[in-house]
Amino acid sequence: MAAALALAVGAGLLAAAWRWLRGAARAVTAGSMRGKTVIITGANSGLGRAAAAELLRMRARVIMGCRDRARAERAAREIRAEVGEREEGEGELVVRELDLASLRSVRAFCHRVLQEESRLDVLINNAGIFQCPYMKTEDGFEMQFGVNHLGHFLLTNLLLGLLKNSAPSRVVVVSSKLYKYGEINFEDLNSELSYNKSFCYSRSKLANILFARELARRLEGTGVTVNSLHPGIVRTNLGRHVNIPLLAKPLFNLVSWAFFKTPLEGAQTSIYLASSPDVEGVSGKYFGDCKEEELLPKAMDDLVARKLWDISEVMVGLLK
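Throughout what follows, the structure given in this document is the object of discussion. (Residues numbered from 1 in each chain as written. Predicted model: local features only at pLDDT ≥ 70, side-chain atom pairs only at ≥ 80, totals over all residues. Heavy atoms only, no water.)

Mapped onto the elements, Val174 comes out in strand S5 (residues 169-174). What makes Val174 buried here is its relative accessible area of 6%. Taking C-alpha positions, Val174 is 8.8 Å from Asn227, a pair spaced 53 residues apart along the chain. Leaving out residues up to four positions away in the same chain, Val174 has contacts with Ile124, Asn125, Asn126, Lys205, Asn208, Leu229, Pro231 and Ser270. (Helix = DSSP H or I, 4+ residues; strand = E, 2+ residues; numbered from the N terminus. Buried < 20%, exposed > 50% of the residue type's maximum accessible area, 1.4 Å probe, protein only. Contact = heavy atoms within 4.5 Å.)

Before going further, it helps to spend a moment on the pairing of strand S4 (residues 122-125). Burial of S4 is two-sided: the residues Val122 and Ile124 facing one way and the residues Leu123 and Asn125 facing the other way are all buried. In the sheet, strand S1 (residues 37-41) pairs with S4 via three bridges, with the strands oriented parallel. Within S4, the position partnered with Ile39 by the bridge is Leu123. Two elements, S4 and S5, share four bridges in a ladder whose sense is parallel. Bridging across to S5, Val122 finds its partner in Arg170. Each parallel crossover has a hand, and the one from S4 via helix H5 (residues 143-165) to S5 is right-handed. (Pairing = 2+ DSSP bridges. Right-handed = clockwise from strand over helix to strand, strands pointing away.)

Further remarks concern the nonpolar core. Among the nonpolar cores identified, the biggest contains 51 residues, and Ile39, Phe109, Leu155, Leu159, Leu215 and Val226 are the most heavily contacted of them. At 11 residues, the largest contribution of residues to this core is made by H5. Beyond its immediate stretch of four places on either side in the chain, Phe109 contacts Ile39, Ile63, Gly65, Arg96, Glu97, Leu98 and Leu155. With 36 residues, the next largest nonpolar core counts Ala43, Ala50, Leu55 and Ala72 among its residues. (Core = buried A, V, L, I, M, F, W, Y, C linked by side-chain atoms within 4.5 Å.)

Over its 23 residues, H5 extends 32 Å from the first C-alpha to the last, a length consistent with the 33 Å expected when each residue adds 1.5 Å. At Leu159, H5 shows its largest bend, some 50°. The buried fraction of H5 is high, at 19 of 23 residues. Of the residues flanking the start of H5, the one acting as N-cap is Glu142, its side-chain oxygen 2.9 Å from the backbone nitrogen of Gln144. (Expected span 1.5 Å × (residues − 1). Bend = angle between axes of the 7 residues up to and from the residue. Polar contact = N/O pair within 3.5 Å; in protein donor to acceptor, adjacent residues only side chain to side chain.)

Another aspect to go through is a positive patch on the surface. A grouping of Arg67, Arg71, Arg74, Arg77 and Arg80 is seen on the molecular surface, where their side chains present a positively charged patch. Turning to its location among the elements, Arg77 is positioned in helix H3 (residues 69-83). (Patch = residues over 30% accessible without salt bridge, like charges linked within 9 Å, V, L, I, M, F, W, Y side chains within 5 Å. Areas by Shrake-Rupley, 256 points an atom, 1.4 Å probe, with all protein chains shown as cover. Salt bridge = Lys/Arg side-chain N within 4 Å of Asp/Glu carboxyl O. Lys, Arg positive; Asp, Glu negative; His and termini not counted. Charge placed at Lys NZ, Arg CZ, Asp CG, Glu CD.)

Residues Val314, Leu318 and Leu319 make up a contiguous nonpolar surface patch of about 230 Å² in total accessible area. You can see Val314 is positioned in helix H10 (residues 302-315). Taking the relative accessible area as the measure of exposure, Val314 reaches 46% and is therefore partly exposed.

Here helix H4 (residues 103-116) is 14 residues long and its end C-alpha atoms lie 20 Å apart, about the 20 Å a rise of 1.5 Å per residue gives. Of the residues making up H4, those classed as buried are Leu103, Ser105, Val106, Phe109, Cys110 and Val113. Summarising the axial view, the buried residues of H4 lie within an arc of 155°, below the 170-degree limit, and thus occupy one face. Looking at H4, the residues exposed on the side facing more than 90 degrees away from the buried face are Arg104 and Gln115. Buried residues along H4 sit against S1, strand S2 (61-66), strand S3 (92-97), H5 and H10. (Arc of directions from axis to C-beta.)

Take the packing of H5 against helix H6 (residues 197-218) next. Packing of H5 against H6 brings their axes to within 7 Å, and their N-to-C directions diverge by 20°. Considered as vectors, H5 and H6 are oriented roughly parallel to each other. Considering the relative orientation of H5 and H6, their crossing is right-handed. Packed against H5, whose contacting residues are Gln144, Phe145, Asn148, His149, His152, Phe153, Thr156, Asn157 and Leu160, the element H6 presents Lys197, Cys200, Tyr201, Ser204, Lys205, Ala207, Asn208, Phe211 and Leu215 at the interface. Classifying every residue of the contact of H5 with H6 gives eight nonpolar, eight polar and two charged. (Axes fitted to C-alpha atoms, helices over the stretch in contact; angles between N-to-C directions. Parallel < 35°, antiparallel > 145°, perpendicular 65-115°, else oblique. Left-handed = near helix turned anticlockwise from the far one by under 90°. Nonpolar A, V, L, I, M, F, W, Y, C, P; charged D, E, K, R; others polar.)

Written as structure tokens, this is what we have:
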């Protein structure tokens, strides 16, 4: 018992030292987003909430696209309290219902945005679901592929006209380093033949990168840039479907507190790509820790990216 306690205390001190050395990151990009409108999906918690708060601080009009309106309204109240009252034209937080597991909800959200918003400067495709048990979206798609890829695919396409009219504008796609373990199997995109929750998450994140690259290619010369990113390992509720043994939870919590990024730290690259003048005109790239990173060849396969685009158009009903 004494040895275990000593180990825990030692680990806690080591963790505290690590966090002190690493420091608490805040946006590397100090700048104004005054007059700019930003949409963030999944903005009521985790990375999305952190990005919404920082961009509001930078005086952006932030539209929080969230599935659970009550939770989103609560998060918006908390963010407003943290950031402080904004004068007119100095930033605004708006909540809009958006369920990426429902193409009907995506279309309704976009219809309202196109009716109410005169411009859209930044779209951050942030929402995601991680390693859930096998389930399907409202439209019959495997949940991870449906939410992480197809929902955002339709959302982005329906908002492209507004993004083009607001150019220079930006699309930011949140992927994951776990894309490395995914493969695009065109024979079973809906995982009806076999389902592995880890593999399917990785596949959806690979799809995010391929989508961003193909979209960047299609938007060359329009003034709309598209980049993808990985946030690193972050302490969020994304892993709510991952089962950790009860006895291991205290150690896991200590390790995650010590070595995982906070949501604010994890959101830095999203904020950077949304706001920094350093990446003005940069498109079709992949970033981590606010720096461009190399991709594996399978994430740069233009033929696969185009085929995935064509099939996705049919799956979400953009093409019959």
